[in-house]
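A structural walkthrough
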Amino acid sequence: MKYIDEFQDPELARRLLDDIHATVTRPWALMEVCGGQTHSIIRHGIDQLLPEQVELIHGPGCPVCVTPLEVIDKALEIASRPEVIFCSFGDMLRVPGTGRDLFQVRGEGGDVRVVYSPLDALRIAQQNPDREVVFFGIGFETTAPPNAMTVHQARKLGIPNFSMLVSHVRVPPAIEAIMSSPSCRVQGFLAAGHVCSVMGMGEYPELAERFRVPIVVTGFEPLDILEGVRRTVRQLERGEHTVDNAYARAVRAEGNPAARAMLEDVFEVTDRAWRGIGVIPQSGWRLAPKYRAYDAEHRFSVDGIRTQEPAECRSGEVLQGLLKPHECEAFGTLCTPRTPLGATMVSSEGACAAYYLYRRLDMPATKAQEATPVV
Amino acid sequence: MCLAVPGRVLDIEERDGTRMATVDFGGVVKEVCLEYLPDLQVGEYAIVHVGFALQRLDEESARQTLELFAELGLLQEEFGDPWEVAAAEAAGSEPVEEVRNQ
Ligand code: SF4
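These lines cover the structure that appears in this document, whether it is placed above or below. These numbers come from a predicted model, not from an experiment.

1. Some points on a negative patch on the surface
- Taken together, the side chains of Asp58, Glu60, Glu67 and Glu71 of chain B make up a negatively charged region of the molecular surface.
- A residue is classified by how much of its surface remains accessible, and Glu71 of chain B, at 60% relative accessible area, is exposed.

Below is the structure:
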């Protein structure tokens, strides 16, 4: 147990691990849904501390990774227009579209700005009434309510030069899609804690029942993850499949009702394409008809974009837990954080980036060498 | 971006009809919207995501999480300059992250 001293509470970590080791009698495959959890797991070597029978499969929970190429290309197109100030969270800057990224658009003269909060973009719109301000609204259920509130505010304050390019995604339909796939090996889920802080746990019992799969709401700190694994494995060993909350300090069963109400007002559920995966029914949000005036796709005509994914990139399989990043041929050679082929190598929450940064040695030695980042 | 960071409310005011707070994240101070946690009070802790308080947190868990995030460099990732990071990546020096030798 090499890394255990680095845990915040090594004694507790050891107890949780001992308990997991004592409970497991046969192989189990669990999926952590959230990219933040993936990073925590790889960084702390949690997967290596667990008994060999417990396999952690990395899930699709990184919004930057799953935003479809078509939407990235639309963003690039809008951001290139001279009248536009394009606002985005910082981690979208280097996500490759077809041929370029937002960072390059800025180099070519586009007015691309990084904001910390969507409300910052609204303020920029107020300060620049003669420009069109477009905010790139991506993210899961945690990010959607802030973005919803921003559109709501834009309408309330009558700010005409603000719009949003919306590509929000929802976790439960993704879980459903993963479980419905014939090649699915997942037997239990560590659900994303902060998504549940907003949405609560109401969407999960039906999924747990239908697929007979335990779903344990889990935080992303190392001890949280160990506790999530412990509870999931305990259920599996007992043949149970319930929804359990291992992140009670931040998740209440009802979530955040005010945020959920705003989501329902501003957005409507729609089918969404996930980068590398394809369309998952009912898995996203778009602006509801009464907010259509704030829809950047409506305001700027950006249809007819031709997208092209690099043929080598297998991020779709990575995102569905069918392939480990280092099993991709391009990993660490053609594809690095400097020359990313897929979004999973760019995003700070992407699985390929996690494997690259923490140089996992469950890859062939020569590849590990090539993949060593130059620091 | 998906990271939600705990912070402590320093003060609260109405702006444009919206409840806003100044929030301290282990030294970094930011504006935060309280519309989703309207009864949050000065001195309390909450999980904040992209400028919105989403859920209350007790002081002890908030402190522990903040310490851990600082240790992992995640606060830098969240509040640092993304242009610098993007430029460094494009220029060829990898994002500065500790590499674990095994
Ligand atoms: S290593 Fe690169 S090319 Fe391979 S799946 Fe990951 S992002 Fe795509």
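Read on for the rest.
2. As for helix α1 (residues 10–23) of chain A
Residues and elements named next belong to chain A.
- The end-to-end C-alpha separation of α1 is 20 Å, in line with the 20 Å expected for 14 residues at 1.5 Å each.
- Those residues of α1 that fall on the buried side of the exposure criterion are Ala13, Leu16, Leu17 and Ile20. Down the axis, α1 shows its buried residues gathered within 95° of arc, on one side only. Away from the buried face of α1 by more than 90 degrees, exposed residues Arg15 and Ala22 are located.

3. Notes on the sheet that holds strand β9 (residues 243–245) of chain A
Residues and elements named next belong to chain A.
- Strand order in the open sheet formed by five strands is β2-β1-β7-β8-β9, and the pairing between neighbours is parallel. The open sheet has two edge strands with one neighbour each: β2 (54–61) and β9. For this sheet the average axis-to-axis angle between neighbouring strands, irrespective of direction, equals 25°.

4. Notes on the sheet that holds strand β5 (residues 132–139) of chain A
Residues and elements named next belong to chain A.
- With mixed pairing, the six strands of this open sheet are ordered in space as β4-β3-β5-β6-β11-β10. Bordering the open sheet on either side are β4 (111–114) and β10 (267–274), each of which pairs with just one other strand. The mean inter-strand angle of the sheet, taken between neighbouring strand axes irrespective of direction, is 25°.
- Relative to β4, strand β3 (residues 84–88) runs parallel, the two sharing four bridges. The residue of β4 that forms the bridge with Cys87 is Arg113.
- The sheet strands contacting helix α7 (residues 118–127) are β3, β4, β5 and β6 (162–169), and the helix crosses β5 at an angle near 170°.
- Contacting β10 and β11 (278–287), helix α13 (residues 257–266) crosses the sheet at an angle of about 80° to β10.

Rules of the game
- Residues numbered from 1 in each chain as written.
- Chains lettered and ligands numbered in written order.
- Predicted model: local features only at pLDDT ≥ 70, side-chain atom pairs only at ≥ 80, totals over all residues.
- Heavy atoms only, no water.
- Patch = residues over 30% accessible without salt bridge, like charges linked within 9 Å, V, L, I, M, F, W, Y side chains within 5 Å.
- Areas by Shrake-Rupley, 256 points an atom, 1.4 Å probe, with all protein chains shown as cover.
- Salt bridge = Lys/Arg side-chain N within 4 Å of Asp/Glu carboxyl O.
- Lys, Arg positive; Asp, Glu negative; His and termini not counted.
- Charge placed at Lys NZ, Arg CZ, Asp CG, Glu CD.
- Buried < 20%, exposed > 50% of the residue type's maximum accessible area, 1.4 Å probe, protein only.
- Helix = DSSP H or I, 4+ residues; strand = E, 2+ residues; numbered from the N terminus.
- Expected span 1.5 Å × (residues − 1).
- Arc of directions from axis to C-beta.
- Pairing = 2+ DSSP bridges.
- Axes fitted to C-alpha atoms, helices over the stretch in contact; angles between N-to-C directions.
- Contact = heavy atoms within 4.5 Å.

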